[in-house]
Amino acid sequence: MRSVLFVVIGLVALAVLGPLLAPYDPTAIDIPNRLSAPSARFPLGTDALGRDILSRLLYGARWSLGLAFLISVLSLLIGTSIGLIAALGGKSADWLLMRATDTFLAFPELVAAVVIAGLMGAGTWSLIFALSVTGWMRYARVARGIGLSVQNQGYVVQARLAGMPGWSIARWHFLPSLIPSLTVVWTGMFARAILGISALGFLGFGVQPPNPEWGAMLLDARVHMRSTPLQMIWPGMAVVTCVLTINLAGDALRDALAKQSSHE
Amino acid sequence: MIKAIGALLLRAAVVLLGTAILTFALLWNAPGDPAQTIAMARFDALLTDDVIDQIRDEVGLNTNFWHAFRAWLGPLLRFDFGYSAVTGRPVWPDLWTAMTYTFPLALAGLASGLALSLPLAILATKRPGGLLDRTSVAIASLGAAIPAYWLGLLLILLLAVQLGWLPAMGARTPAHAILPAVTLGLGVAASLTRIIRSGILEARGQPFLPAIRRRGVDGRAVARDHIAPHAAIPVVTVFGLELAFLLEGAVLIEVIFGRPGLGTFLVQAILSRDFPHVQAVVVLTALVFVVVNLAIDIIYRAIDPRIGTEDA
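Numbering of residues starts from 1 in every chain and runs along the sequence as written. Whichever chain is written first becomes A and whichever ligand is written first becomes 1, with later ones labelled in order. Totals for whole chains, interfaces and linings use every residue, but because this is a predicted model, local features are given only for residues with pLDDT of at least 70 and side-chain atom pairs only at 80 or more, for both listing and counting. As a rule here, side-chain values cover all heavy atoms of the structure and leave hydrogens and water aside.

**Focus: helix α3 (residues 91-105) of chain A**
Put simply, the test is: Each helix corresponds to a stretch of at least 4 residues labelled H or I by DSSP, and each strand to a stretch of at least 2 residues labelled E; elements are numbered beginning at the N terminus. What a helix is expected to span follows from its residue count: subtract one and scale by 1.5 Å. The buried label goes to any residue with under 20% of its type's maximum accessible area, the exposed label to any with over 50%, and the partly exposed label to all in between, with areas taken from a 1.4 Å probe on protein chains only. The contact criterion used is simple: two residues touch if any of their non-hydrogen atoms lie within 4.5 Å.
Helix length check: α3 of chain A, at 15 residues, gives a terminal C-alpha distance of 21 Å against a target of 21 Å (1.5 Å per residue), a fit within 8%. Buried residues of α3 of chain A: Asp94, Met98, Arg99, Thr101, Asp102 and Thr103 of chain A, and no others. Contact partners of the buried residues in α3 of chain A: α2 (53-88) and α6 (137-151) of chain A together with α1 (2-29) of chain B.

Have a look at this one:
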């Protein structure tokens with residue numbers, strides 16, 4: 001748990017401090033040094049336009065992690081609201097909202113995101129919209145389940161009868177039950193968002209060049225796969241490292257919560 | 001049971017209607033003229049403004065969303081996907097050809113995923129917490145973190161470019177399908193190993209097993225009659241989730257390997273703004289998805305009679 005936490009902090013620090021650590025401007029074109037192998041001057045080599053790959057990776061962390069954070073939080077807010085309205089809004093609202101959730105689930109996430117982002121026109125805003133709109137359903141299901149079970153707990157019924165105001169019940173009784181499970185779901189969705197951003201970037205529907213997003217970097221690198229295979233390795237490694245770390249952190253969190261609840 | 005299946009069917013029908021509404025809303029709001037889109041979907045590519053105006057009146061685009069939606073849904077319910085906005089050819093034959101490439105690829109991916117994950121999970125659970133177990137969990141975690149398209153590129157680099165063992169691009173011979181199927185299978189295996197492993201462990205922990213053993217039933221019979229059905233339930237559920245992964249993976253993998261199929265069909269359709277093609281792929285994937293999940297829900301209830309008959 002602790003070592004995973006250190007890696008998470010390290011990755012976030014790299015993303016935040018990236019511009020300070022990067023040796024070059026990630027979009028500075030340097031044709032004489034194009035496709036150069038790793039060297040003291042360019043630690044990870046350069047791409048087809050002579051841009052320093054290390055600098056692009058470091059700046060790319062801001063795109064991938066920052067956008068993934070934004071997308072996962074947006075879909076958390078959408079999903080939790082829908083789930084809670086379904087749980088508390090009565091039977092017909094529940095049925096309608098859950099069928100809406102099923103409907104959104106019926107489209108494979110990435111296929112839907114590609115279609116939405118592609119039809120809206122490739123760009124960062126379309127990317128955020130496409131991945132948030134296709135990513136809220138799991139939160140909605142979890143929030144609804146917890147909402148339904150908490151609502152019927154004795155202490156909540158008691159609080160309501162005692163005249164505790166609605167927002168107060170939400171703050172003191174619903175929120176503490178929601179936070180642990182939603183955090184576990186959130187880590188999983190954060191990781192998925194990183195994969196989604198890079199996949200759309202790779203297909204050309206995501207963050208647009210010359211911005212150094214990892215998926216878009218892979219798209220550039222693919223053309224020169226035969227001559228400079230290493231150029232294709234780095235961005236992929238970056239994606240794998242981030243997704244693996246976040247997944248492991250999520251697992252550790254889930255285990256810790258399970259242990260805690262079994263002690264109670 | 002029959003009542004439960006009826007409820008499931010009703011739910012699937014509602015969800016299908018919902019997917020149709022969503023798809024139409026997407027096309028309705030997409031930049032461009034929907035009348036032109038619908039006109040091209042229905043007739044040939046060359047159209048005068050008069051015809052488009054006529055369609056606008058006929059379909060009711062001047063009226064409102066729901067009116068237009070009903071007009072759009074009609075041909076779709078008869079499985080009439082119209083004509084391509086780019087080539088003017090009917091959509092269905094081209095869509096069918098794409099499917100004949102994608103579905104075998106998805107099945108081969110699933111099969112190789114199962115072939116990898118089932119033995120791994122069974123070996124891993126021989127000694128829970130042992131070296132083999134921990135290795136399999138580590139491999140599964142790593143596999144879940146690797147983007148399918150990057151894995152595909154790495155395999156091309158290693159097996160096609162460096163070693164020259166397998167062809168990488170295109171779909172001319174069956175050998176061309178090996179790398180894409182294995183790429184897809186490795187992704188599937190990552191999540192399946194995890195789920196089968198925990199399924200077996202959970203089934204083994206059931207309190208009735210010691211009782212059965214003490215009655216003298218031998219180990220193999222216990223594994224076959226009691227542990228396997230228990231472990232099968234999460235595996236069946238997971239096929240629904242894997243289906244999404246397979247379809248998504250196929251899209252990216254086809255693009256990487258330059259294979260024809262639904263993925264390349266979709267990406268080309270989006271790039272050329274061929275709305276009839278886009279809507280056909282979207283409606284088809286949603287249909288496949290809903291039907292498979294419906295089947296899974298029914299199988300689920302057949303395996304485990306404890307699952308409630310009421311609306312879940």
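**What about unusual backbone geometry?**
Each neighbour pair has its own omega, and for proline 209 of chain A with proline 210 of chain A the value is 10°, a cis peptide bond. Along the chain, proline 210 of chain A turns up in the loop between α8 (166-203) and α9 (214-223). Within the chain, phenylalanine 79 of chain B stands out as a residue other than glycine whose phi angle is a positive 65°. As for its position among the elements, phenylalanine 79 of chain B is in the loop between α4 (65-77) and α5 (91-124).

**Observations regarding the packing of aromatic side chains**
To keep things clear, this is the line we draw: Between the rings of Phe, Tyr and Trp (Trp by its six-membered ring), a pair exists once the centres lie within 6.5 Å; its type follows the angle of the planes, with under 30 degrees stacked, over 60 edge-to-face, and the other angles tilted. Should the NZ of a Lys or the CZ of an Arg lie within 6 Å of a ring centre and within 35 degrees of the ring normal, that charge is described as sitting over the ring.
Using the criterion set out here, one finds 11 aromatic pairs over all chains in the structure. Judged by centre distance (5.6 Å) and plane angle (65°), the rings of phenylalanine 79 of chain B and phenylalanine 81 of chain B are edge-to-face. For phenylalanine 79 of chain B, a relative accessible area of 42% gives the class partly exposed. The buried category is assigned to phenylalanine 81 of chain B, whose relative accessible area is 4%. Look at phenylalanine 81 of chain B and tryptophan 92 of chain B: their rings are 5.8 Å apart centre to centre, the planes differ by 15°, and that puts the pair in the stacked class. Pair noted here: phenylalanine 81 of chain B is in the loop between α4 and α5 and tryptophan 92 of chain B is in helix α5, with a separation of 11 residues, a long-range link. Joined through ring pairs, the aromatic side chains of Phe79, Phe81, Trp92 and Trp96 of chain B make up one cluster. Arginine 171 of chain A extends its terminal NZ or CZ atom over the ring of tryptophan 172 of chain A, reaching a point 4.1 Å from the ring centre.

**Let's talk about a nonpolar patch on the surface**
So the rule is basically this: Put simply, a patch holds well-exposed residues, over 30% relative accessible area, that have no salt bridge, with like charges counted together within 9 Å and Val, Leu, Ile, Met, Phe, Trp or Tyr side chains within 5 Å. In short, Shrake-Rupley with a 1.4 Å probe defines the accessible areas, and a residue's cover is counted only from the protein chains shown. Note on definitions: salt bridges are taken to be side-chain nitrogens of Lys or Arg within 4 Å of carboxyl oxygens of Asp or Glu.
Judged by side-chain polarity, Val12, Leu14, Val16, Leu17, Leu20 and Leu21 of chain A come together as a nonpolar surface patch covering roughly 560 Å² of accessible area. Within the secondary structure, leucine 17 of chain A is located in helix α1 (residues 2-21).

**Describing the nonpolar core**
Cut-off, in case you're wondering: Here, nonpolar core refers to any group of buried Ala, Val, Leu, Ile, Met, Phe, Trp, Tyr and Cys residues whose side-chain atoms link them within 4.5 Å. Domains are outlined according to an automatic or database domain assignment.
Ranked by size, the top nonpolar core spans 117 residues in total, and within it Ile194 of chain A together with Leu95 of chain B carry the most contacts. For this core, the element with the highest residue contribution is helix α10 (residues 219-257) of chain B, accounting for 13 residues. Residue-level mapping places this core at the junction of two domains, with at least three residues from each of domain 1 (1-86 + 286-312) and domain 2 (99-271) of chain B. Those residues in contact with leucine 95 of chain B that sit more than four places away from it in its chain are Phe81, Leu262, Phe265, Ala280, Val281 and Leu284 of chain B. Among the nonpolar cores identified, the runner-up in size contains 12 residues, and Val150, Val156, Leu178 and Met189 of chain A belong to it.

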